[in-house]
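Residues per chain, in single letters:
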Amino acid sequence: MENATQHIRDIDIKSGYRDYFLNILQKLVETETPPADPASHKALFSILEKELEGLGYEVSMYNGVKSGGQLFAKPKAQKTGCYQLLLGHIDTVWPTDTLQKMPFRNEDNTLTGPGVYDMKAGVAMMLTALKVIYDHDDVEPVVTPILFLNSDEESGSVESASRIKLLARAMNRVLVLEPSLDPDGKIKTRRKGVGHFDVTIKGVSSHAGIEPEKGRSAILELSYLIQKLHQLNDPENGISVNVGTIDGGISTNVVAPESRASVDVRVRTKADAKRLTNEITAMESDTEGVTLEIKGGFRRPPLVQNKRNRALWQAAKEVGDQLGLELTEGTSGGGSDGSYTSLFAATLDGLGAVGDGAHSPTERVFLNETLQRIPLIVNLLLLPPLNEQG
Ligand SMILES: [Zn+2]
C-alpha cells in the first residue's frame, strides 16, 4: 500500500486546523437541530453549504417533509469516476433551547453542547479533512470524495434511507463519521440491527365489580406477553428484547378492553433478525376472546463484518499505524445509516469524534483525541480504490 498511497503526514492540527475545526463546530452546535424541525435543519445546512462552496464543492439539497432534507456535495472539478462517501447526520436528539442548559464550551480538553459528540464534531471533522486536502495542492484523492448529510437519522432515516442505499451502490467505500465507541475511541466495525414492534391487544370490557367474569382483560394478557417477549433475550448471542412502553385500560373499575406495548429488539445477524421477526409476529393470545396484533420489523439491518468491510478496516488500521495511532474496534448496540450502506459498499463506522455520553446530559468530546483522527480521515480519503468485494 505504501507505494500506491499519497500521504499527508504532517498536518498542523495544533494551530490553523484546530481553530478551523473549533470555529465551525461552535457554529454547528449553536445552531440547534432538534428532531423533526425542518426550519432549524435548513438553517444549519445553509451554514454548511457556504463552507463547502469555499472548499471547491458544489452543493445540492433534497427536500424533506418532517426533516430539513439532505445535503449532497461533490467537488466542482470532478476528476475520476470512482467515488467514496463521507456519511453523517446533522440532527440531534435534543429539543430546542437545550443550549441554555448545555452551552457550547471548550475547557480542559473537553467540548460540550447538544449534539457535539453525536455527531456535530464528526461533521466538523469532515469539513476540516476536506479543507486540508483543498489547501494541499500536491495531493489529489484518486477516489473522489462525496458528502451526504441527512437530518432525520435520529428519527430513523425514514426520508433519507432509500437515497442513502442508492448512493451506496455507486461507492467504492463509505466512511461514516458517527462518534467512535467508548471513551477510548474504538472504530465501529459491527453494529446491531434494530427492530421495532407495536403490540395491540383487544380484550372484552365489563364492570370490574358487578360482572368481572364477563370481561377479558387486555392488560392481564399483556402481562403474559411481556414475559414471553423478555424470554427471547439472549445476551450471549447479542440478542436484546425490551418492552419499552406499555399502556392500556380505561379506569380502575373496568376490565381493560385494550392494551398496547412498544418493543425494541436488537440482533447481531440477519438470520437472527429474520427468526425473531417470525417468532414475535407469530405470538398468539393465551386467552379465548382476546386478540393480539403485533406489527413491525427491522428497519436498520445489522452492520456485519463482511469481506469488503474487513478490507476497509485493515486499510484504516494500516493508515493509523503510519500516523502513530493504534486503532481498535468494537460492536455498537445502536444503529446508524452505515448499516444501510454496508449492504452495498465497504463501510467503516465510528470514524468521528472521540468522547462519551451520546444522547445523555454528559455528552462531550475530547478535543485532542478527536483532532488526531482528522489526519486519519484525510489519509483514508487519499487511499486508492479498494478492490475487495463480498
Ligand atoms: Zn448519530
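Residues numbered from 1 in each chain as written. Predicted model: local features only at pLDDT ≥ 70, side-chain atom pairs only at ≥ 80, totals over all residues.

All right, on to the overall build of the chain then. Secondary structure assignment for the chain yields 11 helices and 16 strands. A compact globule built from 390 residues should have a C-alpha radius of gyration of about 21 Å, and the chain, at 24 Å, falls within 12% of that. Reported as C-alpha extents along the three principal axes, the dimensions of the chain are approximately 85 × 45 × 40 Å. Relative to its 390 residues, the chain shows a buried fraction of 45%. Taking the intrachain contacts of the chain between residues at least 6 apart in sequence as the baseline, contacts between residues at least 24 apart amount to 77%. (Helix = DSSP H or I, 4+ residues; strand = E, 2+ residues; numbered from the N terminus. Rg over C-alpha atoms; globule rule 2.2 N^0.38 Å. Buried ≥ 20, exposed ≤ 12 C-beta atoms within 10 Å, placed from the backbone. Contact = placed C-beta atoms within 7 Å.)

Judged by nonpolar contacts, the single largest core of 72 residues is most densely connected at Leu85, Ala129, Leu175 and Ile377. Ranked by residue count, the leading element in this core is helix α4 (residues 116-135), at 13 residues. Counting 20 residues, the second largest nonpolar core, distinct from the first, contains Val241, Val265, Leu276 and Val290. (Core = buried A, V, L, I, M, F, W, Y, C linked by C-beta atoms within 7 Å.)

Right, let's get into the sheet that holds strand β5 (residues 110-112). If you walk across this open sheet you meet the four strands as β4-β5-β16-β15, and the pairing is antiparallel. Where the open sheet ends on each side, the last strands, each with one partner, are β4 (105-107) and β15 (355-356). Where β4 and β5 come together, three bridges link them in antiparallel fashion. Across the sheet, the residue bridging to Glu107 is Thr110, located in β5. Here α4 sits on the sheet in contact with β5, β15 and β16 (364-366), set at roughly 50 degrees to β16. (Pairing = 2+ DSSP bridges. Axes fitted to C-alpha atoms, helices over the stretch in contact; angles between N-to-C directions.)

Before going further, it helps to examine the packing of α4 against helix α11 (residues 373-381). Contact geometry for α4 and α11: axes closest at 9 Å, N-to-C directions at 60 degrees. Between α4 and α11, the angle falls in the class oblique. Seen along the crossing, α4 lies across α11 with a hand that is right-handed. Here α4 contributes Met125, Thr128, Ala129, Val132 and Ile133 to the contact with α11, which in turn contributes Arg373, Ile374, Ile377, Val378 and Leu381. Along the lines of polarity and charge, the residues of the contact of α4 with α11 split into eight nonpolar, one polar and one charged. (Parallel < 35°, antiparallel > 145°, perpendicular 65-115°, else oblique. Left-handed = near helix turned anticlockwise from the far one by under 90°. Nonpolar A, V, L, I, M, F, W, Y, C, P; charged D, E, K, R; others polar.)

As for its placement among the helices and strands, Ser262 is situated in strand β11 (residues 258-267). The sequence separation of Ser262 and Thr92 amounts to 170 residues, and the corresponding C-alpha distance is 22 Å. Those residues within four positions of Ser262 in sequence are excluded, and the remaining contacts are Asp198, Gly244 and Thr245.

By themselves, these observations are geometric and do not establish any function.
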